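Architecture at a glance
One-letter residues, chain by chain:
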Amino acid sequence: MTQGKLWGWFDSDRVRLGDRVRWRGRKFRVIAFAGLQVTLQPLSEPAALVEALYGEMAGSADFAVLDEAGDAVERTRLPPLGRLLLAVSKEDRKRALMWHRHMKEVETGIRPGRRVPREGYDPASTTMEQRLRRKAAELDELDISISWRTLDDKRRRWKQADENPLVLIIDGRKGRAPSPGGRTDPRLLEIMQEVTAVLARQSGGRIGRAFDLVEERVNSRYAKELEDPLEAKRLRLPRSTFYKRMHELGLSAILLGTTRQRASQASKPKKPCTPSYAVRPGQIMQIDTTPLRIKVLGDDAEVVSAEMTILIDVATRSIIALMIVPVVTGEGKPGQRVGGRATRTFDLVLLLAQAYAPMPTMPGWDPLTAASASALPFIKLREADPRFTEAAAARPVIHPRTIIVDQGSTYLSQHFEDVCSFLGIALLYARKEQPDDKPIVERVFSSFADSFSQHVAGWTGRSHAVRGRGIERQPLWTINEVQHMAHEWVALEYQQLPHDGLAHPELPGVTLSPNEMYAALVPGAGYRPRPLSPQDNRKLLLPAWVTVTDKGFDIENRTYQNEAGELRLMAGLHSGLAGPGKGGRWEARFNPYRPDVAWLYDHRGPGRWIKADFVHRRLLTDVHWTVDHWEEATAVVLADGGRKEHQAAIALAVKERRRRTRTAPPRRTRTGPWIPFQGPELDVEEPAADPYAGIGEIDLDAITPYKSLPIPARPTAAPAGAVSTPSDRDGLAALFADTAPDDDLDEAPDHPAFDLGLPGSTEPVEGEM
């Protein structure tokens, strides 16, 4: 119950019939009430009666009740107690009446409903302080901790409000209702929680079983403390009190539920839960991975499952990045499984990279998926970031500042932590088996299943109990196609539909979509683009510490060499780097989805990246392959008696397996090449320099012809034996130009053009055909 609501009820009795009031600069007399309306008679001049809403009149800034002299008066007479209590909830009404009875007993000595005072409350033999002290001790036994001085303050406010009971529950900090657990020792409450979590995963039983298990744990864990009588009193509860605490904490309801209900309840976080809260885009984000519940076609046209990972912004509820990867169970002996795959650390890195660049629209998408057609401030974003073009999808670019992750092995990997540190992202780890620590992303998974997954071919339902028949035999989509459809759903539907959890910061009651919420918050936070350069993207690739030899360096049984021979200059050199896993080796990076290229970092001097190609790359020029295909082909070569060192044989095996997938009769009718899942591509190549950069458009009208040189006149024939001069030779081109195409060249022509007049020669040279 808030103070504003309370004084609102006080205000309803300010005006009575016959009162003089001032409203809108005029004076009236109240002559009638009719429901929410009041009838006013003007006093200053004869005029028609005025009917107005009582709330509008009493809420006006210039409204006042006047006395006979015309001065404003303020009344504090309260409505009856019954009318006041009808304005609050049932729980608040119960608390208010409880405190009202206690205050009556302290004030008068007689509790409502009794005729004689109880012992210690008789005003004839006790003082007010004595009665307050006795009442505080009595409330303490009811698990309401309050001092007698605080109780006296409540009594004074209660008397000043004409014994209005609602005043007693306005300040929730004083006289709080009994909290779950009461004054039981926290150590004992923790053991009760532990025992309930254990029993929730076992077959159902009586609550008395939990009492016995709690006593066993207390005796074994606090054997020394139990030797002290005071500690023993704190750590041991009577059976009746134990049952009461189990009921207050909700633990008895967990033990009495079904197995599924008990397991679900036991996995919830301990109270109170602290939800994520953010006021700026990117301030806090949540990330999680879940099964997709859709069967798809994998790399080899076989039916596989899939997993989806989502990165969502808390302030705007925007899906910043989404990635779907295939899930394949590995084959082979335990510890030597080959071909198994699911969401890995590098997939999370590719997911983070999506948050730093606008998502482009794909061919065939709905025109409404474009950012220019959405609620995003497209013009402002394009001015700040040229990457926002007409082909950008309606999904904002939000840089993460803090991300809440779970305790999965991929999120705990060193590479993921290093990438987050490089990008300036702080990580907050949720508790194990506590989904409520990141409830927003968990709720998005449910929305995704309702709005997208169940409408896609291959939907398996939320559990095996509701799965349809023949899912694997129906036409299915590839993993890449499902990925593109999911991105379209994000830009077209999710980002542009209003969410109940998004309210406008300045217009209460207005529900916004994620894009509208981003448009409302981004002016206060600002948008500063941070495009990842090729050097930054190379830092996101998987690391490998290698030794450089004359042949290059090896990564996962693949040799890489630089065509320019730069690696040969580093062969056999010590890197000078010390530390775990380094030992003088060099840092290299590679993309597991495109392993035909690797990058070696030369940290000497200013530092540079050296590009190295896989030495047998020419054997795989027309094949899309990944590290998974390399591992599968390696297993095939080893099974045929080969060795890991036979890289050319493994490369040919990769090509053969990929060609077989491409040329074999397709399981489903397809029109394009079968491209395996390779994830979003990171731009790691330096952009080629444009030789025409800086050259503007050519104005054809401004082009003038080059000035032609004059052709000299034909010289006369030189006498026999005369030496030709340079001026004579200048006319050769003109003489040849006058030669007819049908001249008879069988005989040597008597023509000065064949007198070459070479220096040091005075004899003419005859031309021969």
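Residues numbered from 1 in each chain as written. Predicted model: local features only at pLDDT ≥ 70, side-chain atom pairs only at ≥ 80, totals over all residues. Heavy atoms only, no water.

**Structural notes on the overall build of the chain**
This is how the line gets drawn: The helix and strand labels rest on DSSP assignments: H or I over at least four residues marks a helix, E over at least two residues marks a strand, and numbering proceeds from the N terminus. Whether a residue is buried, partly exposed or exposed follows from its accessible area with a 1.4 Å probe, protein chains only, as a fraction of its type maximum: under 20%, in between, or over 50%, in that order. To be clear on the numbers: accessible area is Shrake-Rupley with a 1.4 Å probe, and residue cover counts the displayed protein chains and nothing else.
Regarding its fold elements, the chain presents 23 helices and 18 strands. Counting only residues that meet the buried cut, the chain has 40% of its 769 residues in that class. Total accessible area on the chain is roughly 43,900 Å²; 53% of this is exposed by carbon and sulfur atoms.

**Examining the confidence of the model for the chain**
The line we're drawing: In predicted models, pLDDT denotes the confidence assigned by the predictor to each residue on a 0 to 100 scale. Should any heavy atoms of two residues lie within 4.5 Å, those residues are counted as being in contact.
The predicted model of the chain has a mean per-residue pLDDT of 79, with 80% of residues at 70 or higher. Below a pLDDT of 50 lies the segment residues 75–84, which in the model reaches 22 contacts outside its immediate sequence neighbourhood of four places, other chains included. Overall, residues 333–337 carries pLDDT values under 50, and its contacts beyond four positions in sequence, including any with other chains, amount to four contacts.

**Here's the deal with the packing of aromatic side chains**
Cut-off, in case you're wondering: To pair, rings of Phe, Tyr and Trp, with the six-membered ring standing in for Trp, must have centres within 6.5 Å; the planes then decide the type, stacked if under 30 degrees apart, edge-to-face if over 60, and tilted in the middle. A positively charged side chain is recorded as over a ring if its NZ (Lys) or CZ (Arg) lies within 6 Å of the ring centre. The angle to the ring normal must also be within 35 degrees.
The final tally for this structure, using the stated rule, is 17 aromatic pairs. Ring centres of W489 and Y494 lie 5.7 Å apart, and the angle between their planes is 40°; this geometry places the pair in the tilted category. Between Y593 and F677 the ring centres are 5.3 Å apart and the planes differ by 80°, which places this aromatic pair in the edge-to-face class. Of this pair, Y593 sits in the loop between β16 (586–591) and β17 (594–602) while F677 sits in the loop between α21 (647–663) and α22 (726–729), and the two are 84 residues apart along the sequence. Looking at F677, the relative accessible area reads 2%, which means it is buried. Clustering of aromatic rings is evident, with ring pairs tying together F553, Y560, F614, W625 and W630. It is R187 that lies over the ring of Y222; its NZ or CZ is 5.4 Å from the centre. Note that K539 overlies the ring of Y601, its terminal NZ or CZ placed 5.3 Å from the centroid.

**A word on the nonpolar core**
Nonpolar side chains in soluble globular proteins generally cluster together in the buried interior. As a reminder, the rule being used: Among buried residues, those of type Ala, Val, Leu, Ile, Met, Phe, Trp, Tyr and Cys that are joined through side-chain atoms within 4.5 Å constitute a nonpolar core.
Counting 109 residues, the largest nonpolar core has L311 and F553 as the members making the most contacts within it. Discounting chain neighbours no more than four positions away, the residues touching L311 are M285, Q286, I287, S318, I319, I320, A321, L351, L352, A355, P400 and I403. The next biggest cluster of nonpolar side chains, apart from the first, holds 22 residues, and it includes L199, I207, V214 and L226.

**Describing the packing of helix α13 (residues 345–354) against helix α15 (residues 414–423)**
Our working rule: In this analysis, axes come from line fits to C-alpha atoms, helices being fitted only over the stretch in contact, and the angle between any two N-to-C directions falls in the range 0 to 180 degrees. Here the angle decides the label: under 35 degrees means roughly parallel, over 145 means roughly antiparallel, 65 to 115 means roughly perpendicular, and every other value means oblique. Less than a right angle of anticlockwise turn of the near helix away from the far helix marks a crossing as left-handed, whereas a clockwise turn marks it as right-handed. Each residue is assigned to one class: nonpolar for Ala, Val, Leu, Ile, Met, Phe, Trp, Tyr, Cys and Pro, charged for Asp, Glu, Lys and Arg, and polar for all the others, Gly among them.
Contact pair α13 / α15: the axes reach a minimum separation of 9 Å and the direction vectors enclose 20°. By the angle between their axes, α13 is roughly parallel relative to α15. Note that α13 runs across α15; the crossing there is right-handed. Judged by residue contacts, T345, L348, V349 and L352 of α13 engage H415, F416, V419, C420 and L423 from α15. When the residues that make up the contact of α13 with α15 are grouped by side-chain class, the tally is seven nonpolar, two polar and no charged.

**Overview of the pairing of strand β1 (residues 20–23)**
Regular strands place side chains that alternate from one sheet face to the opposite one. Heads up, the rule is: The criterion for strand pairing is that DSSP finds at least two bridges linking the strands in question.
Side chains V21 and W23 of β1 all project onto a buried face; the interleaved residues R20 and R22 project onto a face where none is buried. Relative to strand β5 (residues 64–66), β1 runs antiparallel, the two sharing three bridges. Paired with R22 across the bridge in β5 is A64.

**Focus: the packing of helix α5 (residues 128–141) against helix α6 (residues 148–160)**
The interhelical angle for the contact between α5 and α6, taken along N-to-C directions, is 110°, at an axis separation of 9 Å. Judged on the interaxial angle alone, α6 and α5 are roughly perpendicular. Contact with α5, carried on its side by M128, E129, L132, R133, K135, A136 and L139, involves W148, L151, D152 and R155 of α6 and no other residues of that element. In terms of residue class, the contact of α5 with α6 is built from six nonpolar, no polar and five charged.

**What about the side chain of E231?**
As a reminder of what qualifies: Pairs of N or O atoms are called polar contacts if they sit within 3.5 Å, as long as, within protein, a hydrogen donor faces a hydrogen acceptor (for residues adjacent in sequence, only side-chain-to-side-chain pairs).
One can find E231 in helix α9 (residues 229–235). A polar atom in the side chain of E231 sits 2.9 Å from the side chain of R234.

**Some remarks on α5**
Selection criterion: Helix span, expected: 1.5 Å multiplied by one less than the number of residues in the helix. Relevant arc is that of directions from the helix axis to the C-beta atoms, nothing else.
Here α5 is 14 residues long and its end C-alpha atoms lie 20 Å apart, about the 20 Å a rise of 1.5 Å per residue gives. Within the span of α5, buried status applies to R131, L132, K135, A136, E138 and L139. The buried residues of α5 occupy an angular sector of 165° when the element is viewed end-on, so they sit on one face. Turning to α5, the residues buried within the fold contact α4 (90–108) and α6. Once α5 ends, the next one or two residues include D143, with phi positive near 65°.

**Focus on a nonpolar patch on the surface**
Put simply, the rule reads: A patch consists of residues whose relative accessible area exceeds 30% and which take part in no salt bridge; residues with like charges are grouped when within 9 Å of each other, and nonpolar side chains (Val, Leu, Ile, Met, Phe, Trp, Tyr) when within 5 Å. Put simply, a salt bridge is a Lys or Arg side-chain nitrogen that is within 4 Å of an Asp or Glu carboxyl oxygen.
Taken together, the side chains of I698, L700 and I703 define a hydrophobic patch exposed on the protein surface, amounting to about 370 Å² of accessible area. Considering the arrangement of structural elements, one finds I703 in the loop between α21 and α22. When its relative accessible area of 54% is taken as the criterion, I703 is described as exposed.

**Considering the pattern of salt bridges**
All told, the structure shown has 32 salt bridges when counted by the stated rule. With its nearest N and O atoms 3.7 Å apart, the salt bridge here joins E138 to K135. Taken together, the positions of E138 and K135, both in helix α5 and three residues apart, correspond to about one turn of that helix. On the accessibility criterion, E138 (18% relative accessible area) is buried. K135 sits in the buried class, given a relative accessible area of 0%. What emerges from the salt-bridge pattern is a single network uniting E105, R111, R118, K135 and E138.

**Brief notes about the environment of R341**
Tracing the chain through its elements places R341 in the loop between β10 (319–327) and α13. When the C-alpha atoms of R341 and V328 are compared, they prove to be 5.2 Å apart, with 13 residues separating the residues in sequence. If sequence neighbours within four positions are ignored, R341 has contacts with D299, P326, V327, V328, Y593, D628 and F677.

**Points about the environment of W459**
Within the secondary structure, W459 is located in the loop between α16 (439–451) and α17 (479–492). C-alpha separation for the pair W459 and L476, spaced 17 residues apart in sequence, amounts to 9.7 Å. W459 has contacts with L292, R293, I294, A449, S453, Q454 and I471, leaving out every residue within four places of it along the chain.

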